[in-house]
Amino acid sequence: MGKFIVQGGNKLSGEISVSGAKNMATKILAVSLMSEQTMKISRVPEIEDVKRLLEILEELGVKIERVAKGEYHLVPKNIDLDKFNYDLVSQFRASILLLGPLLARFKKVKFPHPGGCIIGKRPIDLFVKGFKALGAKITEHNEYYEFDANGLIGAKIVFPQMTVTGTETLMLAAVFAKGTTTLINAAHEPEIRALADYLNCQGAKITGAGTNTVVIEGVAEISAGEVEIIPDRIETGSYVALALATKSNIKITNCHPHDILIPLELAKQMGADITIGEDYIDIKAARELKAINIKTHEYPGFATDLQAPFTVLLTQSKGQSLVHETVFEGRLFYTDFLSRMGANILMCDPQRVLITGPTQLIGKKLESPDLRAGIAMVIAGLIAKGETEIENIYQVERGYEDLMEKLKGIGADITRQD
Ligand code: EPU
């Protein structure tokens, strides 16, 4: 497993460009299975999660051509379900997105319980209930589910709790269900709207994606075409936290600032000097930042995926901040590493921490438990005194494309050891 060695204390400066969104790319790749035509995808982030999904698709029989960096042509003609790599699928959460397209094509699929970051229980009960509402027969075994989705019929599905991949999976399943499906209390992340926009261009009939009610009229088939992945809003927000925490002048380019308006608003409340353009965010070093409270929320609220990088930032802000994680029950345990680095953090309960700042962090040997805690460690390493070693960086590289190269480009002292 690789590790990063970070020397802290450098002032960073310059431009850092944002890659395509992990949480759209993984889903668009799965959608390639919904037609037999060639799909052309650009701005694909070449991150570990995408590589794993490409491996699964290739083993299934999809012909994959890498035309250039981030540009792929997928030809899903001769798919063989016997070649489905259950081991790999069970290792990461995004693989659940394959379920809808596979069921649409093969009607009967065995599917393992998907894994993912260790940030909470991550159940799939809402997916199972949704499929049952559409008429699928589901048998649960110890380690896998058997789905029989012969003749799905549109239905009204009410999510008692918003779920991003749950909304996407059922939206995909409903594309080929007979009649109308209505998803109520659906998640509204920009990646969901982008996914629906692509499907509609190919003949699907989806309205309301990006709002809390999505209506899908079933169609018999869809075609495949060209699609560009939207910029990664979580990568964008991570660089905002990085720029502010390291007190650097950084311009974040090729991004959609309007997808992270709430984190940007909170940063301004902290006293940050931020200029927001159509596709860039220009941050000027602030001498002192104020403490603020953060409560994570489904989109358009403060994204849970930005909680860890902003928590590191709050260790550098003056006063007491409260961070309340409301989406995942296990997404604050990583803060232990910040305490070991010298931060003043009090865990009130598993979902709330109080941070008193500013504190000088000291470099330590760390191990990344998950993707967003991993980027938080990198940011902490860059502001700490001395050297920080971060092991298990596979977790970080699951979601940040060319991270080391991008950080070096703005003056960070970071190296990678395998
Ligand atoms: N939930 C259930 N039952 C379900 C599904 C979800 O109780 O059947 C609960 C979860 O336990 C959680 C809440 O609903 O408490 C929200 O989970 P959601 O289903 O929205 O999360 P997800 O779809 O598994 C996606 C992203 C995550 C991101 C969350 C929240 C992908 C592949 N993953 O996960 O991304 O944190 O939405 O925005 O899209 C990351 O990028 O680091 C990451 C973990």
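Note that the coordinates shown come from a computational prediction; the quantities given were computed from them, not determined experimentally.

K.L.:
Explain the site of the ligand residue by residue, including any values.
P.N.:
Among the 24 residues in the neighbourhood of the ligand, the closest are listed as Lys-27, Thr-163, Thr-165, Asp-305 and Val-327. With respect to the ligand, the side chain of Asp-305 contributes an N or O atom lying 2.5 Å from an oxygen atom. Within the side chain of Arg-372, one N or O atom sits 2.7 Å away from an oxygen atom of the ligand. In the complex, the protein chains occlude 93% of the 830 Å² of accessible area that the ligand would expose alone. Secondary structure elements with two or more residues in the shell around the ligand: α1 (22-31), α5 (125-133), α6 (164-175) and α12 (371-383). Residue assignment places the shell around the ligand across two domains, with domain 1 (3-19 + 231-417) and domain 2 (22-225) each supplying three or more.

K.L.:
An account of the pairing of strand β14 (residues 249-253) is requested, with residue identities and associated values reported.
P.N.:
Note: strand β2 (residues 13-17) against β14, 5 bridges, orientation parallel. Bridging from a neighbouring strand, Glu-15 pairs with Lys-251 of β14. In this structure, β14 lies alongside strand β16 (residues 280-284), joined through 4 bridges in antiparallel fashion. Across the sheet, Ile-252 pairs through a bridge with Ile-281, a residue of β16.

K.L.:
Give a description of the sheet that holds strand β3 (residues 39-42) that names residues and reports values.
P.N.:
What the 4 strands build is an open sheet, ordered β4-β5-β3-β13; its pairing is mixed. The strands lining the two open edges of the sheet, one partner per strand, are β4 (63-68) and β13 (226-228). Within this sheet the neighbouring strands show an average axis-to-axis angle of 20°, counted without direction.

K.L.:
Break down the sheet that holds strand β22 (residues 387-391) for me, citing the residues and quoting the values.
P.N.:
Across the sheet, 4 strands lie side by side as β21-β22-β1-β23; this open sheet has mixed pairing. Of all strands in the sheet, those with a lone pairing partner are β21 (365-367) and β23 (413-417), marking the two edges. On average, adjacent strands in this sheet sit at an angle of 20° to one another, irrespective of strand direction. As paired elements, β21 and β22 share 3 bridges and run parallel to each other. By the bridge assignment, Glu-367 is partnered in β22 with Glu-391. Its contacts with the sheet place α12 against β1 (3-7), β21, β22 and β23, and it is angled at close to 30° to β1.

K.L.:
Lay out the domain arrangement of the protein chain in plain terms, naming residues and giving numbers.
P.N.:
Split by domain assignment, the protein chain resolves into domain 1 (3-19 + 231-417) and domain 2 (22-225). A separation of 30 Å is found between the C-alpha centroids of domain 1 and domain 2. In terms of surface lost to domain 2, no three residues of domain 1 exceed Tyr-299, Arg-398 and Glu-401, which account for 28% of the buried area on that side. On the surface where domain 1 and domain 2 come into contact, there are 4 salt bridges. Across the pair Asp-49 and Arg-398 runs a salt bridge whose closest N-O atoms are separated by 2.9 Å. If you look at where domain 1 meets domain 2, you find 12 residue pairs in polar contact (both at pLDDT 80 or more). Secondary structure elements with two or more residues in the side of domain 1 that touches domain 2: α12 and α13 (394-397). Per-element tally for the side of domain 1 that touches domain 2: the top contributor is α13, with 3 residues. Looking at the side of domain 1 that touches domain 2 residue by residue, the classes come out as 9 nonpolar, 5 polar and 13 charged.

K.L.:
Let's hear about the pattern of salt bridges: which residues, and what values?
P.N.:
For the coordinates displayed, the defined rule picks out 21 salt bridges. With a closest N to O distance of 4.0 Å, Lys-108 and Asp-148 form a salt bridge. With a gap of 40 residues between them, Lys-108 in strand β6 (residues 108-112) and Asp-148 in strand β8 (residues 144-148) connect regions that are remote in the sequence. Judged by relative accessible area, Lys-108 falls into the exposed class, the value being 52%. For Arg-416, the salt bridge is made with Asp-418, and the minimal N-O distance between the two is 2.2 Å. The network of salt bridges with shared partners includes Glu-46, Arg-66, Lys-69, Glu-401 and Asp-402.

K.L.:
An account of the layout of surface pockets is requested, with residue identities and associated values reported.
P.N.:
Taken as a whole, the second largest pocket spans an internal volume of roughly 210 Å³. For the lining of the second largest pocket, a count of residues per class yields 7 nonpolar, 3 polar and 4 charged.

K.L.:
Account for α1, naming residues and giving values.
P.N.:
Of all 10 residues making up α1, 9 are buried, and the element is well covered by its neighbours. Every buried residue of α1 is accounted for by Lys-22, Met-24, Ala-25, Thr-26, Lys-27, Ile-28, Leu-29, Ala-30 and Val-31.

K.L.:
Explain the environment of Asp-148 to me, using residue names and the numbers behind them.
P.N.:
Along the primary structure Asp-148 and Val-214 are separated by 66 residues, whereas in three dimensions their C-alpha atoms are 24 Å apart. Setting aside chain neighbours within four positions, we find Asp-148 in contact with Lys-107, Lys-108, Ala-136 and Lys-137. There is a polar contact of 3.2 Å between the side chain of Asp-148 and the backbone nitrogen of Asn-150.

K.L.:
Describe helix α4 (residues 99-106), and please don't skip the residues or the numbers.
P.N.:
Of all the 8 residues making up α4, 6 are buried; the element is thus mostly covered by neighbouring parts of the structure. Buried residues of α4: Leu-99, Gly-100, Pro-101, Leu-102, Leu-103 and Ala-104, and no others. Tucked into the core, α4 has its buried residues touching α1, α2 (48-60), β6, α5, β8 and α6. In the stretch just after α4, Lys-107 is the one whose phi turns positive, near 70°.

Cut-off values and rules
- Residues numbered from 1 in each chain as written.
- Predicted model: local features only at pLDDT ≥ 70, side-chain atom pairs only at ≥ 80, totals over all residues.
- Heavy atoms only, no water.
- Near = heavy atom within 4 Å.
- Polar contact = N/O pair within 3.5 Å; in protein donor to acceptor, adjacent residues only side chain to side chain.
- Areas by Shrake-Rupley, 256 points an atom, 1.4 Å probe, with all protein chains shown as cover.
- Helix = DSSP H or I, 4+ residues; strand = E, 2+ residues; numbered from the N terminus.
- Domains from an automatic or database assignment.
- Pairing = 2+ DSSP bridges.
- Axes fitted to C-alpha atoms, helices over the stretch in contact; angles between N-to-C directions.
- Contact = heavy atoms within 4.5 Å.
- Buried area = accessible area lost by both parts, 1.4 Å probe.
- Salt bridge = Lys/Arg side-chain N within 4 Å of Asp/Glu carboxyl O.
- Nonpolar A, V, L, I, M, F, W, Y, C, P; charged D, E, K, R; others polar.
- Buried < 20%, exposed > 50% of the residue type's maximum accessible area, 1.4 Å probe, protein only.
- 1 Å grid on protein atoms, 1.4 Å probe; cavity = no way out; pocket = protein on both sides within 12 Å on 5 of 7 lines; lining within 4 Å.
- Points joined across faces, edges and corners; volume = space filled by probe spheres on them.

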